Amino acid sequence: MKRMERRSIAVLALALALAIGLGFFLLRLARSGGDWAAYTANEHVYRLGRLQCGTLTDRNGAVLLRAEDGVYTYAPEETVRRASLHAVGDEAGYMGGTALSLFGRELVGWSFWNGTDGRGGTVALSLDSRLQAAAWDALNGRSGAVVLMDYTTGEILSMVSAPAYDPAAGAELDREGVLVNRCTGAAMAPGSVFKLVTLIAAYENLPDLQSRRFVCEGSAMVGGEELACVKKHGSQTVETALCNSCNVAFGELAVELGGECLRATAERLGLLEALEIDGYRTAPGTFDVAPRGSSLEAWSGIGQYHDLVTPYAMARLCAAIANGGAAREGSLRRGARTPTAELMPPATAEYLDQCMNYTGYYGYRALFPGLDMGAKSGTAELGDGTDHAWMVGYLRSGPPLAFAVAVEHGGWGLYDAGPVANAVLQKAVEIYAND
Ligand SMILES: [Zn+2]
């Protein structure tokens, strides 16, 4: 009898161990099965690292990429194919942070009950093909980046990087930097759009800022060297100095605040770290602290010296200003509601919003007809006689959109990047005004 009991207990213990083991496996399958299925060595869905099935659409259901038996079909319009290449992904998988790589699990179409059925799943991206095309056309063959995001949700409605090849015609890998997504994968000299950082640092550290006058004689001596401005701006408030984009005023502020303070501010605003978009880490920016009181310190506060930022990080900063200081992290997924990061207190955001309200300043109405916009332009001198042209900002009414446009070696911020921003925003207002 005793023996029977011992045997029963042993069998029970064995059955229990099996049940626990099976339960543990099922739990892991439910949790990680999609990742296992989407693992690039799984030959049912990947062959030579290439996804065999799955569909990516834009936010309105227009197909951006369909994979069937490993054959890729991109959007029917060439402009949309080129404009969306970096966000959607290339056939060879050379590009980073693409929807193809970020959403592999869902594209594979894995489910707990059916596993992978070979047909693949569909992922709706946040991109709008019409805005992609508008941005591509506005860049008009120039290298550069356009980012447009909904600052209330984090959804990225447009992400265009040029140059890009037509994936339907085959890869053109000989074009310089064609694999780099200039929105997220490369940090560029920001020029005067960086004055927003210096203004934020000044607002938060200099209590008498708004009662001061800044006198610009067209240039000033800083650290024994001449700091040149575009023109003689005369006596200005700091708000007017931002609209004038006065180098003298902001160079002097930079030296008064010091490089350490500027670096800490840029860091808090997310310009120096790798930011996350659906799990992808963007390129970090740089800000080197120059010697105290030097002309380099002044230049570092006006977006020159060694300053580098990504267009995406600038769009995110503008999104935070528009959204009362809190930035939604970007996402390429339609319907995303990403976590927020508090970049600045609401009072700082409100002050920046007042300062960035362009209405009434230099050619605003003619360049951006009908748009109620907070913005800053930038012209980053590269030392080779060319300049990167920047325009960053957000809509103050209408659809809740923040943007960054950078045109490489593009010339003047307001007059060369400005029209690209205008083209995309006009299209967005046309599409979303009645939503
Ligand atoms: Zn000036």
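Quantities reported herein were computed from a predicted structural model and do not represent experimental measurements.

**Considering the nonpolar core**
Next up, step 1: Ranked by internal contacts, the top residues of the largest apolar core, which has 91 residues, are Leu271 and Met314.
Next up, step 2: At nine residues, helix H11 (residues 311-322) tops the list of elements feeding residues into this core.
Next up, step 3: In this structure, Trp136, Val146, Ala164 and Tyr165 belong to the second largest nonpolar core, which totals 38 residues.

**Examining the coordination of the zinc ion**
Next up, step 1: Of the protein atoms, only Cys216 (SG), Cys229 (SG), His233 (ND1) and Cys246 (SG) coordinate the zinc ion, at distances of 2.1 to 2.4 Å.
Next up, step 2: In this structure, the zinc ion is coordinated by four donor atoms arranged in tetrahedral fashion, with angles at the metal of 100 to 117°.
Next up, step 3: Donor residues binding the zinc ion come from one chain and are separated in sequence as C-x12-C-x3-H-x12-C. Remark: Cys246 occurs in the loop between helix H7 (238-244) and helix H8 (247-257) and His233 occurs in the loop between strand E11 (225-228) and strand E12 (234-236); sequence separation between them is 13 residues.
Next up, step 4: Residue classification places His233 among the buried residues on the basis of a relative accessible area of 15%.
Next up, step 5: Given a relative accessible area of 0%, Cys246 falls into the buried group.

**Observations regarding helix H6 (residues 195-205)**
Along an α-helix, a turn takes 3.6 residues, which lines up residues three or four apart on a common side.
Next up, step 1: A large share of H6 lies buried, amounting to eight of its 11 residues.
Next up, step 2: Those residues of H6 not exposed but buried are Lys195, Leu196, Val197, Thr198, Leu199, Ile200, Ala201 and Ala202.

**Brief notes about the sheet that holds strand E4 (residues 63-68)**
Next up, step 1: Taken in spatial order, the four strands of this open sheet run E5-E4-E3-E6, and their pairing is mixed. For this open sheet the edge positions go to strand E5 (71-74) and strand E6 (122-124), each flanked by a neighbour on one side alone. Mean inter-strand twist for the sheet, computed between neighbouring axes without regard to direction, equals 10°.
Next up, step 2: Two strands pair when backbone bridges link them, and strand E3 (residues 54-57) and E6 are joined in this way by three bridges, in the parallel orientation. Bridge pairing in E6 links Thr57 to Ala124.
Next up, step 3: Of the strands in this sheet, E3, E4 and E5 are in contact with helix H2 (residues 78-88), which crosses E4 at around 70°.

**Digging into the pattern of salt bridges**
Next up, step 1: Counted by the stated rule, this structure contains 19 salt bridges.
Next up, step 2: In this structure, Arg281 engages Glu276 in a salt bridge whose closest nitrogen and oxygen atoms are separated by 3.4 Å.
Next up, step 3: Taking the relative accessible area as the measure of exposure, Arg281 reaches 48% and is therefore partly exposed.
Next up, step 4: Of the residues examined, Glu276 reaches a relative accessible area of 41% and is grouped as partly exposed.
Next up, step 5: For Asp372, the salt bridge is made with Arg396, and the minimal N-O distance between the two is 3.6 Å. Placement of the pair is Asp372 in the loop between helix H13 (364-367) and strand E17 (373-381) and Arg396 in the loop between strand E18 (387-395) and strand E19 (401-407), with a sequence separation of 24 residues.
Next up, step 6: Since its relative accessible area comes to 32%, Arg396 is described here as partly exposed.

**A look at the pairing of E11**
Next up, step 1: In this sheet, E11 lies alongside strand E10 (residues 219-222) in antiparallel orientation, the contact comprising four bridges. Residue pairing in the sheet places Met221 in a bridge with Glu226 of E11.
Next up, step 2: Here E10 folds back onto E11, and the loop between the two strands holds two residues, one of which, Gly223, carries a positive phi near 55°.

**Regarding helix H9 (residues 259-268)**
Next up, step 1: Of the positions making up H9, those classed as buried are Gly259, Cys261, Leu262, Thr265 and Ala266. The arc that holds every buried residue of H9, seen down its axis, measures 160°, which confines them to one face.
Next up, step 2: Buried residues belonging to H9 abut H6, H8 and helix H10 (295-300).
Next up, step 3: Phi turns positive, to about 80°, at Gly270, one or two residues after H9.

**Describing the environment of Gly293**
Next up, step 1: Topologically, Gly293 is positioned in the loop between strand E14 (280-281) and H10.
Next up, step 2: Residue Gly293 is classed as partly exposed on the basis of its relative accessible area, which comes to 31%.
Next up, step 3: Residues Gly293 and Val255, 38 residues apart in the sequence, show an inter-C-alpha distance of 5.7 Å.
Next up, step 4: The residues contacting Gly293, other than those within four sequence positions of it, are Val222, Gly223 and Val255.

**Concerning the packing of H6 against H8**
Next up, step 1: At their nearest, the axes of H6 and H8 sit 10 Å apart, and the two run at 55° to each other. Taken as axis vectors, H6 and H8 run oblique relative to one another. Both H6 and H8 take part in a crossing whose hand is left-handed. Counted together, Lys195, Thr198, Leu199, Ala201, Ala202 and Asn205 of H6 and Asn247, Phe250, Leu253, Ala254 and Leu257 of H8 form the full contact between these two elements.
Next up, step 2: In terms of residue class, the contact of H6 with H8 is built from seven nonpolar, three polar and one charged.

**A few points about the environment of Val146**
Next up, step 1: By the element assignment, Val146 lies in strand E7 (residues 144-150).
Next up, step 2: Separated by 12 residues in the primary sequence, Val146 and Ser158 place their C-alpha atoms 7.0 Å from one another.
Next up, step 3: Once residues lying within four places of it in the same chain are set aside, the contact partners of Val146 are Ala135, Leu139, Ser158, Met159, Val160, Cys183, Ala404, Val405, Val420 and Val424.

**Looking at the side chain of Arg316**
Next up, step 1: As for its placement among the helices and strands, Arg316 is situated in helix H11.
Next up, step 2: Given the relative accessible area of 3%, Arg316 is considered buried.
Next up, step 3: Once you skip the residues sitting within four places of it in the chain, Arg316 turns out to touch Met149, Leu269, Gly270, Leu275, Ala327, Arg328, Glu329, Ala341 and Leu343.

**Topic: a nonpolar patch on the surface**
Next up, step 1: A contiguous nonpolar patch, built from Tyr94, Leu173 and Leu179 and spanning about 290 Å² of accessible area, is present on the exposed surface.
Next up, step 2: With respect to the helices and strands, Leu179 occurs in the loop between strand E8 (156-162) and H6.
Next up, step 3: Overall, the relative accessible area of 32% leaves Leu179 in the partly exposed class.

Conventions we followed
Residues numbered from 1 in each chain as written. Predicted model: local features only at pLDDT ≥ 70, side-chain atom pairs only at ≥ 80, totals over all residues. Heavy atoms only, no water. Core = buried A, V, L, I, M, F, W, Y, C linked by side-chain atoms within 4.5 Å. Buried < 20%, exposed > 50% of the residue type's maximum accessible area, 1.4 Å probe, protein only. Helix = DSSP H or I, 4+ residues; strand = E, 2+ residues; numbered from the N terminus. Donors = N, O, S within 2.8 Å, 3.2 Å for Na, K, Ca; no water. Tetrahedral: all angles 85-135°; square planar, octahedral: opposite > 155°, others 65-115°. Pairing = 2+ DSSP bridges. Axes fitted to C-alpha atoms, helices over the stretch in contact; angles between N-to-C directions. Contact = heavy atoms within 4.5 Å. Salt bridge = Lys/Arg side-chain N within 4 Å of Asp/Glu carboxyl O. Arc of directions from axis to C-beta. Parallel < 35°, antiparallel > 145°, perpendicular 65-115°, else oblique. Left-handed = near helix turned anticlockwise from the far one by under 90°. Nonpolar A, V, L, I, M, F, W, Y, C, P; charged D, E, K, R; others polar. Patch = residues over 30% accessible without salt bridge, like charges linked within 9 Å, V, L, I, M, F, W, Y side chains within 5 Å. Areas by Shrake-Rupley, 256 points an atom, 1.4 Å probe, with all protein chains shown as cover.

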